[in-house]
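# Tertiary structure, described
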Amino acid sequence: MDLKQNDAVEEAAAGPASQVPEGGAAPPDGRPPRLLRVRLWQAIAGMSVAIAIALLIVMSEFAASKARLNNYVNRRVGALNATVRTLRRQTAAEQRNLGSVRERASVGEVFEKILFASDLRTIKLAAPIDRDRPREKSTAQPGATDLPSGKLAMSESADAAMLEASGLKPTGTFQVYRIWWMPKRGAPIWAADFLVGDDGHATVPVDLPPGHEKGMALNVTLENETYSDEPNGPSALRGELSGPGAERKSRR
């Protein structure tokens, strides 16, 4: 074998050795070195942590924003409820005022109808006389200088009767003023119940007395609100029924 053939054999043998990487380790089949794979997984783990932190921040911001929105909505709902309650109270007060105005107008119409009737009859009512007072509790309004007084006007043609009273003591809890027709013979006849406010005034429609008995009296007593067939409480006002035409004569 000549010299040229030996050189070719040596080059062929040295070719594979020149491709071995530094450090003397042969590279694996198509896979990156171990250090590169570790760095790759570290990068993935870091990105995962960053994404998780970002999600936590977004969720906390969203929760805080939702909490602020809920608080705002709750405050608005509370304000609207308060407004609705105020409007309801105002509406109820207006309805009560309207009812009072209508009632006064109705009472005024009835009074006018009674006063202009041809068969007008009246009863002037006053507090019981002094000799009866020791047996009865006073029904005069506290602090009032005038004794209780009242007047009942009635008309059979108008089929109505109305009582106006003043100076009465305000009714307390479970108390009521009760109006009785007092015939000369027989049991008392209930006519109406009414309450009295702080002003001591009252205007009450009253049932007409049965029959045409002469000399019938009217008695107003302060009673317990439970039912009773006869007067049991102290008398506040009393009066005698005048005959027909007496009111017209007095006006003349």
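Residues numbered from 1 in each chain as written. Predicted model: local features only at pLDDT ≥ 70, side-chain atom pairs only at ≥ 80, totals over all residues. Heavy atoms only, no water.

### A few points about the overall build of the protein
In plain terms, the rule: Secondary structure is summarised from DSSP: a helix means a run of H or I of at least four residues, a strand means a run of E of at least two, and numbering begins at the N terminus for each. To sort residues, take the accessible area from a 1.4 Å probe on protein chains only and compare it with the maximum for the residue type: under 20% means buried, over 50% means exposed, and anything in between is partly exposed. In this analysis, two residues are considered to be in contact whenever any of their non-hydrogen atoms come within 4.5 Å of each other. For accessible areas, the Shrake-Rupley method is used with a probe of radius 1.4 Å. Any residue's cover is judged against the shown protein chains and nothing else.
Across its full length, the protein carries 3 helices and 8 strands. In sequence order, the protein lays out its α and β elements as α-α-β-β-β-β-β-β-β-β-α. Taken over 252 residues, the protein has a buried fraction of 25%. Considering only intrachain contacts with a sequence separation of at least 6, the fraction spanning at least 24 residues in the protein is 70%. Working note: accessible area of the protein is about 17900 Å², and carbon and sulfur atoms make up 57% of it.

### Quick look at the confidence of the model for the protein
Convention followed: Along the chain, pLDDT gives the predictor's confidence residue by residue, from 0 to 100.
When pLDDT is averaged along the protein, the result is 77, and 70% of the positions lie at 70 or above. Of the regions scoring below 50 in pLDDT, residues 16-20 engages in 0 contacts with residues more than four places distant in sequence or in other chains.

### Considering the packing of aromatic side chains
For clarity, the cut-off: Ring geometry is summarised as follows: Phe, Tyr and Trp rings, the Trp one being its six-membered ring, pair when their centres sit within 6.5 Å, and such pairs are stacked at plane angles under 30 degrees, edge-to-face over 60 and tilted between the two.
Summed over all chains, the structure comprises 1 aromatic pair. With a centroid separation of 5.4 Å and 15° between ring planes, the pair formed by Y177 and F194 is classed as stacked. Of this pair, Y177 sits in strand β4 (residues 175-182) while F194 sits in strand β5 (residues 189-194), and the two are 17 residues apart along the sequence. For F194, a relative accessible area of 6% puts it in the buried group.

### Here's the deal with the pattern of salt bridges
Using the following cut-off: Every case where a carboxyl oxygen of Asp or Glu lies within 4 Å of a side-chain nitrogen of Lys or Arg is listed as a salt bridge.
Inspection of the entire model under this criterion finds 1 salt bridge. For D193, the salt bridge goes to R178, with nearest N and O atoms at 2.8 Å. With D193 in strand β5 and R178 in strand β4, this pair connects stretches of sequence that are 15 residues apart.

### Quick word on the pairing of strand β6 (residues 202-205)
Put simply, the rule is: Only strands joined by at least two bridges in the DSSP assignment are considered to pair.
Side chains A202 and V204 project from β6 onto a buried face, and the interleaved T203 and P205 project onto a face without burial. With 4 bridges joining them, strand β3 (residues 160-166) and β6 adopt antiparallel strand pairing. Each residue of the ladder has a partner; that of E164, found in β6, is T203.

### A word on the environment of N219
Convention followed: Throughout this description, a polar contact denotes any pair of N or O atoms lying within 3.5 Å of each other; where both atoms belong to protein, one of them has to be capable of donating a hydrogen while the other can accept it, and for residues adjacent in sequence the pair is counted only when both atoms sit in side chains.
Mapped onto the elements, N219 comes out in strand β7 (residues 217-224). Overall, N219 belongs to the buried group, its relative accessible area being 10%. Once residues lying within four places of it in the same chain are set aside, the contact partners of N219 are R178, I179, W180, M182, S235, L237 and R238. Polar contacts involving the side chain of N219 include one to the side chain of S235, which spans 2.7 Å.

### Description of a nonpolar patch on the surface
To keep it simple, the criterion reads: Patch building starts from residues that exceed 30% relative accessible area and form no salt bridge, then joins like charges within 9 Å and nonpolar side chains (Val, Leu, Ile, Met, Phe, Trp, Tyr) within 5 Å.
Nonpolar side chains collect at one region of the surface, where L40, W41, I44, M47, I51 and L55 lie side by side and expose about 650 Å² of accessible area between them. Mapped onto the fold, M47 is located in helix α2 (residues 34-115).

### Concerning the nonpolar core
For clarity, the cut-off: Throughout this description, the term nonpolar core refers to a set of buried Ala, Val, Leu, Ile, Met, Phe, Trp, Tyr and Cys residues connected via side-chain atoms within 4.5 Å.
If you look at the biggest cluster of nonpolar residues, it comprises 25 residues, and the most contacted ones within it are I179, W181 and F194. When residues of this core are traced back to their parent elements, those giving at least two are β1 (121-126), β2 (149-155), β3, β4, β5, β6, β7 and β8 (235-240).

### Quick notes on the environment of S235
Looking at the secondary structure, you find S235 in strand β8. Look at S235 and you get buried, because its relative accessible area is 4%. Considering only alpha carbons, one finds S235 and Y177, 58 residues apart in sequence, at a separation of 9.4 Å. Of the polar contacts made by the side chain of S235, one reaches the side chain of R238; its length is 3.1 Å.

### Examining the environment of A236
With respect to the helices and strands, the residue A236 is situated in strand β8. We classify A236 as buried; its relative accessible area is 0%. Separated by 58 residues in sequence, A236 and R178 place their C-alpha atoms 9.6 Å apart.

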